[in-house]
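Next come the chains, spelled out residue by residue.
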Amino acid sequence: MHQSEAGALYLSDTASGQIAVYQPDGAGEFVFQGGTGGAAYGLARHVIGLRTLEMGGVTHVFAADCVENGVISYRADPVGGHLVE
């Protein structure tokens, strides 16, 4: 789990292999916005750490994978909230 500077909450689900995105609703709750899908679906089964980086108004999510010993990077779609690899 990681919360970005913009307030979005990113959660990795090792059972499904997805990273879910939740946005604050202004009332103290978080609302599901999307997550990994398409070719990126199922790639986050072994994530041990998440971090975000804001560049040029775009959020990038980096996931450390303990089996592949590597990092998977995603770009957050500003319209739908989905993560694109």
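Each residue is numbered by its place in its chain's sequence as written, counting from 1. For this predicted model, a pLDDT threshold of at least 70 governs which residues receive local features, and a threshold of 80 or more governs which side-chain atom pairs are given and counted, while totals over whole chains, interfaces and linings are taken from all residues. Side-chain metrics in this entry use all non-hydrogen atoms of the structure; hydrogen atoms and water are not considered.

### A look at the overall build of the protein chain
For the protein chain, the count of helices and strands is zero helices and eight strands. The helix and strand labels rest on DSSP assignments: H or I over at least four residues marks a helix, E over at least two residues marks a strand, and numbering proceeds from the N terminus. Reading the protein chain from its N end, one meets helices and strands in the order β-β-β-β-β-β-β-β. Partly exposed residues are those whose accessible area sits between 20% and 50% of the maximum for their type, while under 20% is buried and over 50% is exposed, using a 1.4 Å probe and protein chains only. Out of the 85 residues belonging to the protein chain, those deemed buried represent 34%. Contact criterion: two residues are considered in contact whenever any of their non-hydrogen atoms come within 4.5 Å of each other. Within the protein chain, contacts between residues at least 6 apart in sequence are counted, and of these 34% link residues at least 24 apart.

### Structural notes on the pairing of strand β4 (residues 30-35)
For strand β3 (residues 18-24) and β4, the ladder comprises five bridges, and the chain directions are antiparallel. Paired with Gln 23 across the strands is Val 31, a residue of β4. Here, strands pair whenever DSSP counts at least two bridges between them. Between β3 and β4, which follow one another and run antiparallel, lie five residues, and Gly 26 among them has a positive phi close to 90°.

### Comments concerning the side chain of Thr 59
Inspection of the secondary structure assignment puts Thr 59 in strand β6 (residues 58-65). Pairs of N or O atoms are called polar contacts if they sit within 3.5 Å, as long as, within protein, a hydrogen donor faces a hydrogen acceptor (for residues adjacent in sequence, only side-chain-to-side-chain pairs). At 2.8 Å, the side chain of Thr 59 and the side chain of Glu 54 are in polar contact. Those residues in contact with Thr 59, other than ones at most four positions away along the chain, are Tyr 10, Thr 52, Leu 53, Glu 54, Tyr 74, Arg 75 and Ala 76.

### Observations concerning the sheet that holds strand β1 (residues 2-3)
Taken in spatial order, the four strands line up as β1-β2-β3-β4 in an open sheet, and their pairing is antiparallel. Two strands in the sheet have a free side with no partner beyond their single neighbour: β1 and β4.

### Let's talk about the sheet that holds strand β8 (residues 83-84)
Reading across the sheet, the four strands line up as β5-β6-β7-β8 and stay open at both edges, with antiparallel pairing between neighbours. Strands at the two margins of the open sheet, each flanked by one partner only, are β5 (47-55) and β8. Pairing of β5 with β6, which is carried by eight bridges, proceeds in the antiparallel orientation. If you follow Thr 52 over to β6, its bridge partner there is Val 61.

### Topic: the nonpolar core
By size, the foremost hydrophobic cluster in this structure holds 13 residues, and its most contacted members are Tyr 10, Ile 19, Leu 50, Val 61, Ala 63, Tyr 74 and Leu 83. Residue assignment for this core shows that the elements contributing at least two residues are β3, β5, β6 and β7 (70-76). A per-element tally of this core places β7 first, with three residues. Residue types Ala, Val, Leu, Ile, Met, Phe, Trp, Tyr and Cys, when buried and joined through side-chain atoms within 4.5 Å, form a set referred to as a nonpolar core.

### Focus on the packing of aromatic side chains
Pairing of aromatic side chains here covers Phe, Tyr and the six-membered ring of Trp, requires ring centres within 6.5 Å, and sorts the geometry by plane angle: under 30 degrees stacked, over 60 edge-to-face, intermediate tilted. Scanning the entire structure with this criterion turns up one aromatic pair. Note on Tyr 22 and Phe 32: the rings are 5.5 Å apart at their centroids and 65° apart in plane angle, and the pair reads as edge-to-face. One end of the pair, Tyr 22, is in strand β3; the other, Phe 32, is in strand β4, with ten residues separating them in the sequence.

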